[in-house]
Amino acid sequence: MNLSTVYMSLNLRNPIIVGSCGLTGTAEKVKACADAGAGAVVLKSIFEEQIESELGSMTNESNWYPEAADYINSYGMQNAVSNYLELLEKSRNSTEIPIIPSIHCFGKGNWMEFAKQLENAGASALELNTFILPSDPRRTGRENENTILDIVSDIKSQVSIPVAVKIGSYFSSISAFASELDGCGVDSIVLFNRFFRIDFDIENLEVVNGSMLSTPDETEDILRWVSMISPVTNCDIAATTGIHDGEAVVKQLLAGANAVQICSILYKNGLGVIAEMHGFIADWMRRHNYNSIEDFRERLSQRNSGNPAEFQRVQFMKASVKA
Ligand SMILES: Cc1cc2nc3c(=O)[nH]c(=O)nc-3n(C[C@H](O)[C@H](O)[C@H](O)COP(=O)(O)O)c2cc1C
């Protein structure tokens, strides 16, 4: 069965991408993902702060996000840039599948020059994890959106490889913002970044880490937005968060995704999940007489579903739950 697909003009042998996480943090692990059948790999992100620090241009540590400071304190800042370039080069040499480095960023700066270095080092594309949690009461949503659009426009003007933008879901009008990203020439939107979660320990009255790994029910929200955004933008879409089995992959493709990114389920059940997903998709395509992913991709997006209202508030009128 032909599972190949095109994502950001990259030919993928199948739509399952291992998303940016610890499983893509060394060349050996990247090779293991490729050997397990991944269509592409997004490398573990390098933080904007790491690049800035090495370039000697960032002096105000109070601007750092807490997790960046933790990461940097535990792993050290030195040689982050050269180590990351080495990770990219070694990964590229260990497999034929596309390798997509990722930059975790929240504002414009000198770090942006690094994008060109990644391109020169053979990156197939670049993913920007635009990590702006809209928590600052002095900043409007429009200001946060403009920051992302500025970053993306600048990066797009510096590199010729495709650029994906991974965004969170906290926008007042995600579809309008997706159109604006499209206007900046973004090649793919990754929906959605799963922000680091917090929880409370009510015995010790402490803030603790929330769940690091997703659960399958988290995918429903992604399905809605992929279905609604794919018709309103020319950007490709990679769906991520909560995709734990082949059925969830098929659903995202039907919604209009070009590819999916998975992490949590690989931590839980190992890399063998990728082959299981291939098996499910191939079997499902056979049962439905589809010869290629393009035969059914986007069949259930809001535009093509036959009942666009199904995606909106009217569904509550019909819904009934037995008490
Ligand atoms: C341990 C761990 C580390 C992660 N590190 C990164 C990262 O460096 N950059 C990034 O963009 N996303 C990172 N993510 C988020 C994943 O790429 C992905 O978007 C998220 O986990 C949702 O997908 P999933 O439900 O398949 O896990 C990380 C996730 C996990 C679990």
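S.K.: Now, about the pairing of strand β14 (residues 259-262): what can you tell me, with residues and values included?
M.R.: Of the two faces of β14, the one carrying Ala259 and Gln261 and the one carrying Val260 and Ile262 are both buried. When strand β3 (residues 16-18) meets β14, the two strands line up parallel, connected through three bridges. Across the sheet, Ile17 pairs through a bridge with Gln261, a residue of β14. Of the strand pairs in this sheet, strand β13 (residues 236-240) and β14 are connected by three bridges, and their pairing is parallel. Bridge pairing in β14 links Ala239 to Val260. Viewed along the sheet, the connection from β13 through helix α9 (residues 246-255) into β14 turns out right-handed.

S.K.: I'd like to hear about a nonpolar patch on the surface, residue by residue, with values.
M.R.: Judged by side-chain polarity, Ile198, Phe200, Ile202 and Val207 come together as a nonpolar surface patch covering roughly 470 Å² of accessible area. Take Phe200: it is sitting in strand β11 (residues 198-201).

S.K.: Please set out the packing of aromatic side chains residue by residue, giving values where relevant.
M.R.: In the structure shown here, the tally under the stated rule is seven aromatic pairs. Measuring from centroid to centroid gives 5.5 Å for Tyr170 and Phe195, while their planes differ by 10°, and the two rings are stacked. Highlighted residues: Tyr170 in the loop between β9 (163-167) and α7 (174-183) and Phe195 in the loop between β10 (188-191) and β11, separated in sequence by 25 residues. With centroids separated by 5.2 Å and ring planes inclined at 35°, the aromatic side chains of Tyr290 and Phe296 adopt a geometry described as tilted.

Procedures and definitions
Residues numbered from 1 in each chain as written. Predicted model: local features only at pLDDT ≥ 70, side-chain atom pairs only at ≥ 80, totals over all residues. Heavy atoms only, no water. Buried < 20%, exposed > 50% of the residue type's maximum accessible area, 1.4 Å probe, protein only. Helix = DSSP H or I, 4+ residues; strand = E, 2+ residues; numbered from the N terminus. Pairing = 2+ DSSP bridges. Right-handed = clockwise from strand over helix to strand, strands pointing away. Patch = residues over 30% accessible without salt bridge, like charges linked within 9 Å, V, L, I, M, F, W, Y side chains within 5 Å. Areas by Shrake-Rupley, 256 points an atom, 1.4 Å probe, with all protein chains shown as cover. Salt bridge = Lys/Arg side-chain N within 4 Å of Asp/Glu carboxyl O. Phe/Tyr/Trp six-rings, centres within 6.5 Å; stacked < 30°, edge-to-face > 60°.

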